[in-house]
Amino acid sequence: NNRTLQHRDFATYSTAIEHHSPRHWLNNNTNMMLSATRHLARGAATKMQRLIGAAPSHFQRGRWMSSYPSHEVVGMPSLSPTMESGTIASWTLGEGDSFGPGDVLCSVETDKATVDFEAQDDGVVAKILADAGPDEIQCGHPIMITVEDEDDVGAFKDYKIEEAITAEASPAPPAAAAEAAAVQSSSPAPTPPPAAPTAAAALSSSPSSSSGRVIASPLAHLLAKEMSHDLSQISGTGPGGRIIAADVREFIPSAAATAAATTGETAAAAAPGVTLAPPQPGDGFTDYPISQSSKEVAARLAQSKRNVPHYYLTVDICMDGVLAMNSKLAPSLGEDASLGTYEFMIKAAAASMKAVPAANASWMDTVVRVYDSVDVNVVVGSGDDLYTPILRNCGDKGLRSISDDLKSAMSSYDNDEVTSDFASMGTMTIMNLGMFGVKSCAPIIREPQAIALAVGALENRIVPGDGDELYKSSVMMTATLSCDHRVVDGAVGAQWLSAFKSHLEDPTTLLL
């Protein structure tokens, strides 16, 4: 306890007794006790880390055997569950500046937003190890050094990042050695050994933007892999030429690149599939391995659910008109062609986009982008075979063309001939769960889309009749629309769902 309480705390205590009123003495004494409590907590946490080994965090306490004063190595923070790396947009504090709980240390840019990195305790910035700029920094990589006493800042003037990496990579001493180091802390600390060559070599050999490394956000990497784009061919519009997700979505590959990608897809299709490990039985349970594609789908859906402010609208739709028109059109289609209610739903969704174009949009952080074409993703399959093939330009196509595109996609799925269209992102997604007898479902929006539609099973219901008929039996369907409130507010979502209902209850409007 005597080591923990600093000399300045006792001075504050004595001054308060001699020169201040009882009220002021009480305030100062309270501050002194809070400061002492913080020092005690820090000392206990540091000792516990050396004895049992603490879980890694963004603040790594400097070792007692170091020649430097007690300090903390602060790593790049992980500001979201999916963040793996980020860039420092700007430093709020400089070397030698003091900070307290809640003070902003720097601004960290992720693939979605710029977030303030706030301090959790008192301290002083001793050394900044990572400059602000477009270069990505992995989470946990050292970005600065902090100390408790402003007088210790000068000791870190020539501190190198290699020393922070070496100290972090060095194994923790055994408990006995840690206790011995604590006992001998009053003796002069030995000179630390030079940094390990392997760590320094690894740091110097890491690729940089000047050496040809592609600088892109994590979401851009994911979209490029999903859309089979080569990031080295995409020009970045982010800070310092950084490739962001919007650049990947807008990228149009050249003919040569498209041919190479097609060749690669063909070779991949011809290669044998990756075989998962067999299920592992346990005591009352069984663990089933997850494929890489399922992990990616799960990660994207989880990210969309976290980032997108969902709200839901539901409506019941009379499908008698659709069934009647389908029966009239069937003879004119020929024996090899047929229409289903799904094609009417896709066409009605595209027509609703034409009526309410504000829903055919995406949130782009700084702008809302409204699209001219209505491209619809339809959900097919399940589990590891879950895909969302795209039906392009549905707003300008008739029911027959939409039916042909849908059957082509289903044929490719049944024959295991998955193409790049199965990974392309449209402007909305439709999920039909009627085949499973499900009445309604609230779907997850797939970023960067602003809406997702789920339709349920067609079922006979007793509804109010028309004219003299008190009640009648009609074929009804429930449709649920999920909306991104950043793009589509409640009024716009209601207008879209109302237009969708009107088109299906009077399908002749789909022929205009």
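To be clear, the structure that these remarks concern was listed above.
Just so it is clear, the model here is predicted, and its values are computed rather than measured.

S.K.: What's the story with helix 10 (residues 320–333) in this structure? I'm lost.
M.R.: Since there are 3.6 residues in each turn of an α-helix, residues three or four apart along the chain are aligned in direction. The first and last C-alpha atoms of helix 10 sit 20 Å apart over 14 residues, in line with the 20 Å expected at 1.5 Å per residue. Bending of helix 10 peaks at approximately 25 degrees at the position of Ser 327, with proline Pro 331 no more than four residues after it. Of all the residues in helix 10, the buried ones are Val 322, Met 325, Asn 326 and Leu 333. Looking at the packing, one finds that the buried side of helix 10 touches helix 11 (341–355), helix 12 (399–414) and helix 13 (490–505).

S.K.: When you look at the nonpolar core in this model, what are you seeing that I'm missing?
M.R.: General note: in soluble globular proteins, nonpolar side chains tend to be found buried as a group. Residues Ile 346, Trp 496, Phe 500 and Leu 504 are the most contacted members of the largest nonpolar core, which totals 48 residues. In contact with Trp 496, other than residues within four places in its own chain, are Ala 349, Ser 352, Met 353, Val 356, Ala 359, Met 428, Ile 451, Leu 453 and Leu 481. Among the nonpolar cores identified, the runner-up in size contains 18 residues, and Val 74, Met 76, Val 108 and Met 144 belong to it.

S.K.: Sorry, what's going on with the packing of helix 11 against helix 13 here?
M.R.: Geometry of a packed helix pair, given as the angle between the helix axes and the separation of the axes. In contact at an axis separation of 8 Å, helix 11 and helix 13 are set at 135 degrees when each is read in the N-to-C sense. Accordingly, the angle class assigned to the pair helix 11 and helix 13 is oblique. In the crossing of helix 11 with helix 13, the sense of the turn from one axis to the other is right-handed. Here Phe 344, Met 345, Ala 348, Ala 349, Ala 351, Ser 352, Met 353 and Ala 355 of helix 11 come into contact with helix 13, specifically with Trp 496, Ala 499, Phe 500, His 503 and Leu 504. Grouping the constituent residues of the contact of helix 11 with helix 13 by class yields 11 nonpolar, two polar and no charged.

S.K.: For this particular structure, what's the right way to read the sheet that holds strand 6 (residues 114–118)?
M.R.: Sheets are built from strands that pair by backbone hydrogen bonding, the pairs being arranged parallel or antiparallel. Read from one edge of the open sheet, four strands run 6-5-3-8, paired in antiparallel fashion. Every other strand in the sheet has two partners, leaving strand 6 and strand 8 (137–138) as the edge strands with one partner each. Bridge analysis of strand 5 (residues 104–109) against strand 6 gives five bridges, and the strand direction is antiparallel. Counted as the bridge partner of Val 104 is Glu 118 from strand 6.

The rules behind these values
- Residues numbered from 1 in each chain as written.
- Predicted model: local features only at pLDDT ≥ 70, side-chain atom pairs only at ≥ 80, totals over all residues.
- Heavy atoms only, no water.
- Helix = DSSP H or I, 4+ residues; strand = E, 2+ residues; numbered from the N terminus.
- Expected span 1.5 Å × (residues − 1).
- Bend = angle between axes of the 7 residues up to and from the residue.
- Buried < 20%, exposed > 50% of the residue type's maximum accessible area, 1.4 Å probe, protein only.
- Contact = heavy atoms within 4.5 Å.
- Core = buried A, V, L, I, M, F, W, Y, C linked by side-chain atoms within 4.5 Å.
- Axes fitted to C-alpha atoms, helices over the stretch in contact; angles between N-to-C directions.
- Parallel < 35°, antiparallel > 145°, perpendicular 65-115°, else oblique.
- Left-handed = near helix turned anticlockwise from the far one by under 90°.
- Nonpolar A, V, L, I, M, F, W, Y, C, P; charged D, E, K, R; others polar.
- Pairing = 2+ DSSP bridges.

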